[in-house]
Amino acid sequence: MIRFTVVTITYNAEKVLQRTLDSVCSQTYQEVEHLIVDGASKDQTLAIAEQYKQRSDSSDNGHQVIIQSEPDHGIYDAMNKGLTQASGDYIVFMNAGDSFPNASTLEEMVHQCRLNEFPADERPGVLYGNTNIVDSEGRFLHPRRLQPPAKLTWRSFRHGMLVCHQAFYARIDIAKNTQYDTRYRFSADVDWCIRVMHESERMGLSLCNTQMVLANYIEEGTTTQNHRASLKERFDVMRRHYGLFSTLFMHAWFVVRALFH
């Protein structure tokens, strides 16, 4: 049976964490490992996480909750810690405040991609889908503006990050060999997704479009708050993967598109 590792990175997240924990706990799919990687929070984040672990351990949902709390060197360093610990078949990063759209999301995804029909070494390298944007209270605002293509490849991200990080499930063997580049403060997730997809293509693996909404994402994240620095990093990521000319051309198109949007 396919096992999912959900990694939640936290630091002083007491105001938004509970919604994420409730969302994971409510998943009807039983083979779930939930890693909470905390950066030594100084608020009630750890207490909330411990209560959640006790509730999950005493339930019959079949989930395993593991909590680690220690200082880190930023969100991508914490994500690398999650990669190191993960033991599932697929891994997804769902940060504090983000959530699944409904209780059957994981179960439906297994069915949509027919994951149990593949030999282990032939399973898709990536499972991906759509994202809804929600406010700080978890209320639906609108679908994410950038939408996944019907057929995703590593070249697709020339047009922007078409799949949200929280709606991108990487096969664990590929993910573990593709650490986040911690030189980036805001855009290592873009770089990581491209490298995971590139490696999947090299291995001859498919990328499965679930044709589902896989995540509710809070719009006001770290990247949004540091928009200018994030854009500079994304330009560098795209230049490294797609070349300078292609990156300049696509960014010119982004500007034109924004003017007429």
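The structure this text deals with has already been given above.
A brief report on the enclosed structure follows. What you see is a predicted model; the values in this text were computed from it and never measured. (Residues numbered from 1 in each chain as written. Predicted model: local features only at pLDDT ≥ 70, side-chain atom pairs only at ≥ 80, totals over all residues. Heavy atoms only, no water.)

1. With respect to the layout of surface pockets
Roughly 160 Å³ of volume is contained in the second largest pocket. Lining the second largest pocket are 13 residues, and of these K151, L152, L205, S206 and L207 lie nearest its centre. Elements with a minimum of two residues in the lining of the second largest pocket: α6 (188-202) and β8 (207-218). Here the element with the most residues in the lining of the second largest pocket is α6; it accounts for three residues. Taken together, the residues of the lining of the second largest pocket sort by class into seven nonpolar, four polar and two charged. (1 Å grid on protein atoms, 1.4 Å probe; cavity = no way out; pocket = protein on both sides within 12 Å on 5 of 7 lines; lining within 4 Å. Points joined across faces, edges and corners; volume = space filled by probe spheres on them. Helix = DSSP H or I, 4+ residues; strand = E, 2+ residues; numbered from the N terminus. Nonpolar A, V, L, I, M, F, W, Y, C, P; charged D, E, K, R; others polar.)

2. Looking at the pattern of salt bridges
Summed over all chains, the structure comprises 16 salt bridges. With its nearest N and O atoms 3.2 Å apart, the salt bridge here joins D57 to K53. In this pair, D57 and K53 both sit in helix α2 (residues 45-57), four residues apart, roughly one turn of the helix. Given a relative accessible area of 46%, D57 falls into the partly exposed group. (Salt bridge = Lys/Arg side-chain N within 4 Å of Asp/Glu carboxyl O. Buried < 20%, exposed > 50% of the residue type's maximum accessible area, 1.4 Å probe, protein only.)

3. Focus on the state of the cysteines
Tallying each qualifying case throughout the model produces one disulfide. A sulfur-sulfur distance of 2.1 Å marks the disulfide that ties C113 to C208. Given an S-S torsion of about -100 degrees, the disulfide between C113 and C208 has left-handed geometry. Residue C113 is found in the loop between α4 (105-112) and β5 (126-134), and its partner C208 is found in strand β8; the two are separated by 95 residues along the sequence. Overall, C113 belongs to the buried group, its relative accessible area being 5%. Look at C208 and you get buried, because its relative accessible area is 12%. The structure places no disulfide on C193, whose sulfur is separated from the nearest cysteine sulfur, that of C164, by 8.9 Å. Assessed through its relative accessible area of 0%, C193 is described here as buried. (Disulfide = S-S within 2.5 Å.)

4. Quick notes on helix α3 (residues 75-85)
Counting buried positions along α3 yields eight of eleven residues, so the element is predominantly enclosed. Inspection of α3 places Y76, D77, A78, M79, N80, K81, G82 and L83 among the buried residues, and these make up the whole buried set. Looking at the packing, one finds that the buried side of α3 touches β1 (4-10), β2 (32-38), β3 (64-69), β4 (90-93), α5 (172-176) and α6. (Contact = heavy atoms within 4.5 Å.)

5. Digging into the side chain of S156
Relative to the elements of secondary structure, S156 occurs in the loop between β6 (140-143) and β7 (168-171). With near-sequence residues (within four places) excluded, S156 lies in contact with P149, K151 and L162.

6. Thoughts on α6
Each α-helix winds once per 3.6 residues, and so residues spaced three or four apart point in a common direction. In a regular helix each residue adds 1.5 Å, so 15 residues correspond to 21 Å; α6 covers 21 Å between its end C-alpha atoms and thus fits that length. What α6 keeps buried is the set A188, D189, V190, D191, W192, C193, I194, V196, M197 and S200. Within two residues after α6, G204 carries a phi angle of roughly 75 degrees, on the positive side. (Expected span 1.5 Å × (residues − 1).)

7. Details of the packing of α6 against helix α8 (residues 227-242)
At their nearest, the axes of α6 and α8 sit 9 Å apart, and the two run at 20 degrees to each other. Taken together, the axes of α6 and α8 are roughly parallel relative to one another. Like other packed secondary-structure pairs, α6 and α8 cross with a definite hand, here right-handed. Across from V190, D191, I194 and R195 in α6, the residues of α8 making contact are R234, V237, R240, H241 and Y242. When the residues that make up the contact of α6 with α8 are grouped by side-chain class, the tally is four nonpolar, one polar and four charged. (Axes fitted to C-alpha atoms, helices over the stretch in contact; angles between N-to-C directions. Parallel < 35°, antiparallel > 145°, perpendicular 65-115°, else oblique. Left-handed = near helix turned anticlockwise from the far one by under 90°.)

8. With respect to the nonpolar core
Core analysis: the largest hydrophobic core is formed by 69 residues, its most contacted members being F4, I91, L127, F157, F168, Y169 and W192. With seven residues, the top contributor of residues to this core is α6. Once residues within four sequence positions are removed from consideration, F157 is found in contact with L152, L162, V163, V190, C193, I194, M197, M238 and Y242. (Core = buried A, V, L, I, M, F, W, Y, C linked by side-chain atoms within 4.5 Å.)

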